[in-house]
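Residue-level structural notes
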Amino acid sequence: AQSVTQLDSHVSVSEGTPVLLRCNYSSSYSPSLFWYVQHPNKGLQLLLKYTSAATLVKGINGFEAEFKKSETSFHLTKPSAHMSDAAEYFCVVTPIGTGTALIFGKGTTLSVSS
Amino acid sequence: EPEVTQTPSHQVTQMGQEVILRCVPISNHLYFYWYRQILGQKVEFLVSFYNNEISEKSEIFDDQFSVERPDGSNFTLKIRSTKLEDSAMNFCARSEAHNSPLPFGNGTRLTVT
């Protein structure tokens, strides 16, 4: 069975400081992992994806995530937060090559203060 | 990849009424999906649709739900008799390959009163 756990429901940072959003996964198969972002009243936008290539994945808007199999983690980071980064972030897992749908974490709300 | 277009952006309906939510994807995509997000909860998979058939559905997708692509372009989600707990943001998505990263539409907010 596949599951994903986002360890923090809410993260608050100051503008210009680093961002860390934590995600742990459980999968019986080699997983594909994604991070999506949802701004208020907007749809879900893909930030980045891991599909068994490089373990450090770079995404849009300066975000990146590192796949660590030994820790079953896929944490999202950004060196310097911007006000526009305030949004809901979802970690998503799906097993490679099988027929199951995307499984979303509960989401982490990122607040950025000036 | 361009996003899909969903209509309406907000639908208000009374309990027991039928609603149809529409999604207009690019016509050459093969896989279509509906997900929903109840306020304050996580995004949940409803159904996937491939080659004009349901390929997978979740426990949420009971007999009250149906999907179709009646004219080869619009992809619709129908709820026959809405319940209060159907109030949610509903997202359509599409892809060329199964389980590839999905661009989602902006969603349809369904409010059942």
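Scope of this entry: the structure provided in the associated data block. Computed from a predicted structure; not experimentally measured.

1. Here's the deal with the overall build of chain A
Assigned secondary structure in chain A consists of zero helices and 12 strands. Reading chain A from its N end, one meets helices and strands in the order β-β-β-β-β-β-β-β-β-β-β-β. Since a compact globule built from 114 residues should have a radius of gyration of about 13 Å, the 13 Å found for chain A is in line with a globular shape. Its C-alpha atoms give chain A principal-axis dimensions of about 45 × 30 × 20 Å.

2. Comments concerning the sheet that holds strand S1 (residues 5–7) of chain B
All names here are of chain B. Strand order in the open sheet formed by four strands is S1-S3-S8-S7, with antiparallel pairing between adjacent strands. Either end of the sheet is taken by a strand with one partner, and the two such strands are S1 and strand S7 (65–68). The sheet shows a mean angle of 15 degrees between the axes of neighbouring strands, direction not considered. As paired strands, S7 and strand S8 (residues 75–79) are joined by four bridges and run antiparallel to one another. Bridge assignment links Phe65 to a residue of S8, and that residue is Ile79.

3. Comments concerning the sheet that holds strand S2 (residues 10–13) of chain B
Residues and elements named next belong to chain B. With respect to topology, six strands assemble into an open sheet ordered S2-S10-S9-S4-S5-S6, the strand pairing being mixed. What marks the edges here is a single partner per strand, and that holds for S2 and strand S6 (53–57). Geometrically, the sheet is characterised by an average inter-axis angle of 25 degrees between neighbouring strands, direction not taken into account. Bridge count for strand S4 (residues 31–37) against strand S9 (residues 88–95) is seven bridges, and the pairing is antiparallel. Looking at the pairing, Tyr33 lines up with Ala93 of S9.

4. A look at the pattern of salt bridges
Counted according to the given criterion, the structure contains five salt bridges over all chains. A:Glu64 is paired through a salt bridge with A:Lys58; the nearest N and O atoms lie 2.8 Å apart. Assessed through its relative accessible area of 22%, A:Glu64 is described here as partly exposed. A salt bridge links A:Lys78 to A:Asp85; its shortest N-O distance comes to 2.8 Å. For the pair A:Lys78 and A:Asp85, a shared accessibility class is recorded, and that class is buried. Beyond isolated ion pairs, a larger network of salt bridges with shared partners links B:Arg36, B:Glu44 and B:Asp86.

Cut-offs and rules
- Residues numbered from 1 in each chain as written.
- Chains lettered and ligands numbered in written order.
- Predicted model: local features only at pLDDT ≥ 70, side-chain atom pairs only at ≥ 80, totals over all residues.
- Heavy atoms only, no water.
- Helix = DSSP H or I, 4+ residues; strand = E, 2+ residues; numbered from the N terminus.
- Rg over C-alpha atoms; globule rule 2.2 N^0.38 Å.
- Pairing = 2+ DSSP bridges.
- Axes fitted to C-alpha atoms, helices over the stretch in contact; angles between N-to-C directions.
- Salt bridge = Lys/Arg side-chain N within 4 Å of Asp/Glu carboxyl O.
- Buried < 20%, exposed > 50% of the residue type's maximum accessible area, 1.4 Å probe, protein only.

Geometric descriptors of this kind do not, in isolation, establish any biological role.
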